[in-house]
Amino acid sequence: MQILVDTNVIVDYILKRGNFYECANKVLELCQDGLADGAVSSQSVADAFYILRKDFSVAERKAFLLRICLIFQVEFVDKEKLVAALKDDTFSDFEDCLQMQCAKSFRADYIVTRNVKDFSASEIPAVTPEDFCKIFTEGGD
C-alpha cells in the first residue's frame, strides 16, 4: 500500500502532539518497517522545518527531518506539479493541491492527513492517520 503523508502528520510525530502522536507514530512505524510504502512531498519537509522553528534549534530540526527523509521517499514539487496545481480550480488551498499532485505522481493509494475535509476535491482519497491504521489492519497489503 502506498501513501503520501501530509505535513501535519509529520509535525504531530515530531512534536509528540497530544492525542495525534500515537497514530502519527504508527504511520511512521509502518513505513519504517516496510509494511507501507510512504512518501512525503519536498514541500512538506520545507514547511515542517519552518513550522518547528519555535520548538527546536536548526540542528534539531535538521536531525528530525533527515530521519523523515530516511523513512520516506521524497516526491519533489517540480514545474509540472506546480503548473497542474495552479490550473486546478477545485482546491481552495494551493498547498493541499500540491500534496495531491505529489500523491498522484507517487501513485499513492491514500493521502494520510488530519485535514481530510481540505482534500474533498482530491483524486487520491484522503484519510486520517487513525483511519489509515484501521484500513491497514483490516486489509493491508
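Residues numbered from 1 in each chain as written. Predicted model: local features only at pLDDT ≥ 70, side-chain atom pairs only at ≥ 80, totals over all residues. Heavy atoms only, no water.

Now for the overall build of the protein. For the protein, the helix and strand inventory stands at seven helices and five strands. Counting from the amino terminus, helix and strand elements in the protein follow one another as β-α-α-β-α-α-β-α-α-β-β-α. Relative to a compact globule of 141 residues, whose C-alpha radius of gyration would be 14 Å, the protein shows 14 Å and is just as compact. A principal-axis box enclosing the C-alpha atoms of the protein has dimensions of 40 × 35 × 25 Å. Residues classed as buried in the protein amount to 46% of the 141 residues present. Once local pairs closer than 6 in sequence are excluded, the contacts in the protein between residues at least 24 apart make up 64%. Taken together, the 16 basic and 24 acidic charged side chains of the protein have centroids lying 6 Å from each other. (Helix = DSSP H or I, 4+ residues; strand = E, 2+ residues; numbered from the N terminus. Rg over C-alpha atoms; globule rule 2.2 N^0.38 Å. Buried < 20%, exposed > 50% of the residue type's maximum accessible area, 1.4 Å probe, protein only. Contact = heavy atoms within 4.5 Å. Lys, Arg positive; Asp, Glu negative; His and termini not counted. Charge placed at Lys NZ, Arg CZ, Asp CG, Glu CD.)

The pairing of strand β1 (residues 2–5) with strand β2 (residues 37–41) spans three bridges and is classified as parallel. Looking across to β2, one finds that Ile 3 is bridged to Gly 38. In this sheet, strand β4 (residues 110–112) lies alongside β1 in parallel orientation, the contact comprising three bridges. Looking across to β4, one finds that Leu 4 is bridged to Ile 111. (Pairing = 2+ DSSP bridges.)

Another aspect to go through is the packing of helix α5 (residues 79–87) against helix α6 (residues 94–106). Look at α5 against α6: their axes get within 9 Å of each other, and the N-to-C directions meet at 130 degrees. On the basis of the axis angle, α5 is oblique to α6. Considering the relative orientation of α5 and α6, their crossing is right-handed. The residues of α6 that touch α5, namely those facing Lys 81, Leu 82, Ala 84, Ala 85 and Leu 86, are Phe 94, Cys 97, Leu 98, Gln 101, Cys 102 and Ser 105. (Axes fitted to C-alpha atoms, helices over the stretch in contact; angles between N-to-C directions. Parallel < 35°, antiparallel > 145°, perpendicular 65-115°, else oblique. Left-handed = near helix turned anticlockwise from the far one by under 90°.)

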